[in-house]
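Each chain, written out:
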Amino acid sequence: MRASDGGGVVITAYDDPRMELARQTVGAVHIVADPALPPHLLHLVDARGNAYFAKQHANRNRYAHEAHAYLTWGRHLQGHAPELVGRQDSTRTLLLTAIHGQSGDVLPPGSAEEEQAHHNAGLVLGALHRATAGPKAGGIGVELAGRLRGWVDRADRADLLSTDERRSLLQVADLLSHVQLESAVCHLDYQPRNWLIGDGFWICDFEHMRRDARVRDFARLEFRRWQAAPHLRSAFFAAYGRELSDAEQHLLESFGAIEAATALVRGHEQDDLALSAHGRTVLARLS
């Protein structure tokens, strides 16, 4: 249980795994109250004034993915990500350096700061993709087709799709299962809420990161941001290092099927009307 002591410091159980990991790794720490943080994160400061975030995962696979991402691919982000200071596999806990900045989500729409953030996002993601690029292969397409069919099944069980919508999504799955896709290590939740803007630009939340179809890493931005603000797409790709070809843009549209099905199911399960509406919007675009 967490509670404030009235002085901006949060008191929590002494044997909290996040506290234990921090003490074992950097010594004595205290917890700083931060109402904006989700419950699984703690903001910590050590005796020397160094700040950290301690994060405990509920899901073991997501913990493993995020720990692997920091250990294996973090170096390719060239200082634009927190550093993994410590980890404890038994409790699914990570200790990361704290980055002080604001979420990219709070930048004023249409501002120069928003456009600069998309430019910086393209620069950082381009470095990651180039460093981890792989040849075209069919295996990822087959895997993505299976994922899409799984989301369609879940949507069907919840009665979220019409016959025509189901047919349209499964046609995309059939297409993906036969296409050769260029791969790279992808963030897969690359959008402003996972960017930190301050004296620099950083990205966070690596729990979905894995080798995937390179073009799919643009899907969240394409379907959640760039449709209403194409100048942000231009800023991104100017820094990324290459524009999408016509074939790649068509492929990105196909990945909208995964975006739509995922949003419909998650929106239904979480009673999130905005997410459900987003799924409907993307689905209509595919028709």
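Chains are numbered independently. Their residues run from 1 in the order of the written sequence. For this predicted model, a pLDDT threshold of at least 70 governs which residues receive local features, and a threshold of 80 or more governs which side-chain atom pairs are given and counted, while totals over whole chains, interfaces and linings are taken from all residues. The side-chain figures draw on all heavy atoms in the structure; neither hydrogens nor water molecules are used.

(A) Structural detail: the pattern of salt bridges. Should a side-chain nitrogen of Lys or Arg be within 4 Å of a carboxyl oxygen of Asp or Glu, the pair is scored as a salt bridge. By the definition in use, this model includes 28 salt bridges. Across the salt bridge formed by E222 and R233, the nearest N and O atoms sit 3.2 Å from each other. Remark: R233 occurs in helix α7 (residues 230-240) and E222 occurs in helix α6 (residues 219-226); sequence separation between them is 11 residues. Relative accessible area decides the class of each residue, using a 1.4 Å probe on protein chains only: under 20% of the type maximum gives buried, over 50% gives exposed, and in between gives partly exposed. Assessed through its relative accessible area of 1%, E222 is described here as buried. By relative accessible area, which is 21% here, R233 ends up partly exposed. Counted as one network, the salt bridges with shared partners bring together K55, R62, E66, D205 and E207. Secondary structure is summarised from DSSP: a helix means a run of H or I of at least four residues, a strand means a run of E of at least two, and numbering begins at the N terminus for each.

(B) The arrangement of the environment of A158 in detail. Tracing the sequence through the fold places A158 in the loop between α4 (139-157) and α5 (163-176). For the pair A158 and L264, spaced 106 residues apart in sequence, the C-alpha separation works out to 9.7 Å.

(C) Structural detail: the sheet that holds strand β13 (residues 210-213). We call two strands paired when DSSP finds no fewer than two bridges between them. Ordered by their spatial adjacency, 3 strands build an open sheet running β9-β10-β13, and the pairing between neighbours is antiparallel. The outermost strands of the open sheet, each flanked by one partner alone, are β9 (134-137) and β13. On average, adjacent strands in this sheet sit at an angle of 40° to one another, irrespective of strand direction. Inspection of the sheet shows β9 paired to strand β10 (residues 181-186) by 2 bridges, in the antiparallel sense. Every angle, taken between N-to-C directions, lies between 0 and 180 degrees, and every axis is a line fitted to C-alpha atoms, over only the stretch in contact when it is a helix.

(D) Spotlight on the nonpolar core. Ranked by size, the top nonpolar core spans 58 residues in total, and within it Y190, W195, F218, F236 and F255 carry the most contacts. In terms of residue count, the dominant contributor to this core is helix α8 (residues 246-269) (9 residues). Contact criterion: two residues are considered in contact whenever any of their non-hydrogen atoms come within 4.5 Å of each other. Not counting residues within four places of it along the chain, the set of residues in contact with F255 comprises L144, L176, L181, A213, V215, R216 and F223. In this text, buried Ala, Val, Leu, Ile, Met, Phe, Trp, Tyr and Cys residues form a nonpolar core when linked through side-chain atoms within 4.5 Å. In this structure, M19, A22, V26 and I31 belong to the second largest nonpolar core, which totals 11 residues.

(E) Fine view of α6. When you tally the buried positions in α6, you get 6 out of 8 residues, the bulk of the element. The set of residues buried in α6 consists of A219, R220, L221, E222, F223 and W226. If you follow the buried residues of α6, they end up packed against α3 (112-131), β11 (195-197), α7, α8 and α9 (273-286).

(F) Spatial organisation of the sheet that holds strand β3 (residues 29-32). In spatial order, the strands read β3-β4-β5-β7-β6; together these 5 strands make up an open sheet with antiparallel pairing. Of all the strands in the sheet, just β3 and β6 (84-88) have a single pairing partner and so form its edges. Strand-to-strand twist across the sheet, computed as the mean angle between neighbouring axes with direction ignored, equals 30°. Where strand β4 (residues 41-46) lies against strand β5 (residues 51-56), 5 bridges are found, and the strand directions are antiparallel. By the bridge assignment, H43 is partnered in β5 with F53. Sheet contacts for helix α2 (residues 60-72): β5, β6 and β7 (93-97); angle to β6, the most-contacted strand, approximately 145°.

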